[in-house]
Amino acid sequence: KMRLPELRRLARFWRFSRRDQALLVEAAWLQMVARAGLFLLQLKTLQRLLARLIFAHSLQRQPFSPWKVAHAIDATGKYLPGKNCLIRALVGEVLLRREGYPAMLKIGVAKEEKRDLRAHAWVELEGRVVIGFSSKRQYMPLTAQESQLT
């Protein structure tokens, strides 16, 4: 049985253009694939798989802005089980690269008071965080993640 907030979200979805609807569906679908893939595959293998899935469906059209891609990932990700910064960052990198942007996946750690280390993943575009911004702490990138998408 659908409640009023769910009906409002569904009504909002239908007001978007078909192109924006497709981006939202694609962002949700890729996050589900990435979540399953993290349990079954190595990170580099998963990156290649996601890239193959997404590039096989790309069309000649005007690219989405980086911020629209980030919004689609955030908007759909909050309704999916197993929210995870690595899943969002993987999907963000793939979608941004498909749109022609030189996105870079970063994985870093920060030392916490009560715990030893806390990990976080994010995507940078020309030195700016576009997916996975965290204002709470500074994460030290482990190594530059060589993209498997090029």
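Every value quoted in this text rests on a predicted model; they were computed, and no experiment measured them.

Conventions we followed
- Residues numbered from 1 in each chain as written.
- Predicted model: local features only at pLDDT ≥ 70, side-chain atom pairs only at ≥ 80, totals over all residues.
- Heavy atoms only, no water.
- Helix = DSSP H or I, 4+ residues; strand = E, 2+ residues; numbered from the N terminus.
- Contact = heavy atoms within 4.5 Å.
- Areas by Shrake-Rupley, 256 points an atom, 1.4 Å probe, with all protein chains shown as cover.
- Pairing = 2+ DSSP bridges.
- Axes fitted to C-alpha atoms, helices over the stretch in contact; angles between N-to-C directions.
- Buried < 20%, exposed > 50% of the residue type's maximum accessible area, 1.4 Å probe, protein only.
- Expected span 1.5 Å × (residues − 1).
- Polar contact = N/O pair within 3.5 Å; in protein donor to acceptor, adjacent residues only side chain to side chain.

### What to know about the overall build of the chain
Piece 1. Counting secondary structure elements, the chain contains 5 helices and 4 strands.
Piece 2. Helices and strands appear in the chain in the N-to-C order α-α-α-α-α-β-β-β-β.
Piece 3. Across the chain, contacts joining residues at least 24 apart in sequence account for 63% of those joining residues at least 6 apart.
Piece 4. Surface summary for the chain: the accessible area is close to 9900 Å², and the carbon and sulfur share equals 56%.

### Some remarks on the sheet that holds strand S3 (residues 128-131)
Piece 1. If you trace the 4 strands from one edge of the open sheet to the other, you get S3-S2-S1-S4, paired in antiparallel fashion. Where the open sheet ends on each side, the last strands, each with one partner, are S3 and strand S4 (140-141).
Piece 2. Of the pairings in the sheet, the one linking strand S1 (residues 103-111) to S4 comprises 2 bridges and is antiparallel in character. Each residue of the ladder has a partner; that of Val109, found in S4, is Met140.
Piece 3. This element, helix H4 (residues 66-77), spans strand S2 (117-125) and S3 of the sheet and lies at about 45° to S3.
Piece 4. Along the sheet face, helix H5 (residues 85-98) touches S1, S2 and S3 and points at about 15° away from the line of S2.

### Quick look at the environment of Val25
Piece 1. Along the chain, the position of Val25 falls in helix H2 (residues 18-40).
Piece 2. You can call Val25 partly exposed: its relative accessible area is 49%.
Piece 3. For the pair Val25 and Ala72, spaced 47 residues apart in sequence, the C-alpha separation works out to 8.7 Å.

### Concerning H4
Piece 1. For H4, with 12 residues, the first-to-last C-alpha span of 16 Å sits near the 16 Å given by 1.5 Å per residue.
Piece 2. Of all the residues in H4, the buried ones are Pro66, Val69, Ala70, Ala72, Ile73, Ala75, Thr76 and Gly77.
Piece 3. Of the surrounding secondary structure, the elements contacted by the buried residues of H4 are H2, H5, S2 and S3.

### Considerations on H5
Piece 1. Between its first and last C-alpha, H5 extends 20 Å over 14 residues, near the 20 Å set by a 1.5 Å rise per residue.
Piece 2. Among all positions of H5, only Ile87, Arg88, Ala89, Leu90, Val91, Gly92, Glu93, Val94, Leu95, Leu96, Arg97 and Arg98 are buried.
Piece 3. Between the side-chain oxygen of the N-cap and the backbone nitrogen of Leu86 there are 2.6 Å, and the N-cap of H5 in question is Asn84.
Piece 4. Of the residues trailing H5, Gly100 is marked for its positive phi of about 95°.

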